[in-house]
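In case you want the letters, here they are:
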Amino acid sequence: MDATIKPIRPNKQPESRPAELDPAEFLAAAVRADQPRPARAEAEAAVKTLLAYIGENTEREGLLDTPRRVVEAFDELYQGYHQCPAEVLDRTFGETAGYDDFVLVRDIEFTSQCEHHMMPFYGKAHIAYTPVERVVGLSKLARLTDIFARRLQTQEHLTAQIAAAIDEVLKPRGVAVLIEAEHTCMSVRGVAKHGASTFTSRFTGMFRDNPAEQARFLSLVRGTTR
C-alpha cells in the first residue's frame, strides 16, 4: 500500500499589533507627590552599606562624601520620574502652510539606565511623526526622549513609550521611532562585547501600515537619500 505524504500547512496567524501600554506609563510623572519615599539620609546610608559590601573602608578620606555625591547623582540621572511627558508635547503650532509629510528628528543622543543591572546604556533616538494640521516644537521630541530615558528602562520599553506618548498626545497620522544603543551591562560586564549595538523600533498608523513609508523613514535615518 502506497503512502501519500501531504505537505504540512502552516497555521494562519492573525495579524498582530503591538500591545497597548497603560497611559499611566507615558502621560504622567511616574512619582506622585504623595508617594512615600525614604529620606535622603536613609538613601545615603544605603550607599554606605553598598560600599562596605564590596569591601571598602567607608571611613577613608576619599569615600567620606561619596554617599552624598551618589544620591545627588541619582537625583540628576533619574529626574525623569518627576517630569510629565504629556506637558512637554502640550504646546503645538498651527502655521504649517498645509504641510502634510512627516517630520523627522534624528540623532537625538540620550543616556539611560538598565533596570536589570542599573548600568548605563546610551545611543541615539530617531523620531518621525506625520502631523495633522499642527506640529510640536522640534526640541520637545528631544525633551520627551530625555524624560523617559532618565528612568530605569529597557530599550524596548523606552522605544514603545516614546511612540505611545506622541501618538496619544499629538494624534498624528503615524509615528516612527528607531533607537540604537550600546549597553554597558553587556559591554563592560557579562559577555563583555564592546561595540555591540542594539536596535529597536516602533511604528504606528501610516508607518505601521505602509511599508514604503517605513522604508523612506529608515532611508532618511541612515542618510542614504539624495
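This write-up is about the structure you can find in this document. Given the structure is predicted, the values throughout are model-derived calculations rather than measurements. (Residues numbered from 1 in each chain as written. Predicted model: local features only at pLDDT ≥ 70, side-chain atom pairs only at ≥ 80, totals over all residues. Heavy atoms only, no water.)

Looking at the sheet that holds strand β7 (residues 198-204)
For the record, the criterion: In this description, strands pair whenever DSSP reports at least two bridges between them. Helix numbers and strand numbers start at the N terminus; a helix is a DSSP run of H or I with at least 4 residues, a strand a run of E with at least 2. It only takes one pair of heavy atoms within 4.5 Å for two residues to be counted as in contact. To get an axis, a line is fitted to the C-alpha atoms, and for a helix only the part in contact is used. The angle between two axes follows their N-to-C directions and goes from 0 to 180 degrees.
Read across the sheet, five strands follow the order β5-β2-β3-β6-β7 without closing on themselves; strand pairing throughout is mixed. Looking along the sheet, the strands with just one partner apiece sit at the ends: β5 (152-153) and β7. Here strand β6 (residues 174-183) runs beside β7; their pairing, made up of seven bridges, is antiparallel. When the sheet's bridge partners are listed, Ala181 is paired in β7 with Thr198. The sheet strands contacting helix α4 (residues 138-149) are β2 (103-114), β3 (120-130) and β5, and the helix crosses β2 at an angle near 20°.

Overview of the packing of helix α1 (residues 40-53) against helix α2 (residues 66-77)
Applied cut-off: Should the near helix be turned anticlockwise from the far one by less than a right angle, the crossing is termed left-handed; should it be turned clockwise, right-handed. Under this grouping Gly is polar, as are all residues other than the nonpolar Ala, Val, Leu, Ile, Met, Phe, Trp, Tyr, Cys and Pro and the charged Asp, Glu, Lys and Arg.
Running from N to C, α1 and α2 point in directions that differ by 115°, and their axes come no closer than 8 Å. The handedness of the crossing between α1 and α2 comes out as right-handed. Contacts from Arg40, Ala43, Glu44, Val47, Lys48 and Leu51 of α1 reach α2 at Thr66, Pro67, Arg68, Val70, Val71, Glu72 and Asp75. Grouping the constituent residues of the contact of α1 with α2 by class yields six nonpolar, one polar and six charged.

Things to note about the packing of α4 against helix α5 (residues 155-170)
Inclusion rule: Under this scheme an angle from 65 to 115 degrees is roughly perpendicular, one under 35 degrees roughly parallel, and one over 145 degrees roughly antiparallel; angles in between are oblique.
Put simply, α4 and α5 touch, their axes get as near as 10 Å, and they point 135° apart. By the angle class used here, α4 and α5 are oblique. The way α4 lies across α5 gives a crossing that is right-handed. The residues of α5 that touch α4, namely those facing Leu141, Leu144, Thr145, Phe148 and Ala149, are Leu158, Gln161, Ile162, Ala165 and Ile166. For the contact of α4 with α5, the residue count by class is eight nonpolar, two polar and no charged.

Comments concerning the layout of surface pockets
Under the convention used in this document: Definitions used throughout: a 1 Å grid over protein atoms alone; a cavity as a set of points that fits a 1.4 Å probe which cannot get out; a pocket as an open set with protein on both sides within 12 Å along at least five of seven lines; a lining residue as one with an atom within 4 Å of a point. Grid points are joined across faces, edges and corners, and a volume is the space filled by probe spheres set on the points.
Considered as a void within the structure, the largest pocket measures approximately 780 Å³ in volume. Among the elements of the structure, α1 and α2 are those that each provide at least two residues to the lining of the largest pocket. A per-class count over the lining of the largest pocket returns 17 nonpolar, three polar and three charged.

Quick notes on unusual backbone geometry
Put simply, the test is: The rule is simple: take the accessible area with a 1.4 Å probe, protein chains only, and divide by the maximum for that residue type; under 20% is buried, over 50% is exposed, in between is partly exposed.
Phi angles above zero are rare outside glycine, and Glu133 is one such case at about 75°. Its location among the elements puts Glu133 in the loop between β3 and β4 (135-136). Here Glu133 falls in the exposed class, since its relative accessible area comes to 64%. Even without being a glycine, Lys171 presents a positive backbone phi close to 50°.

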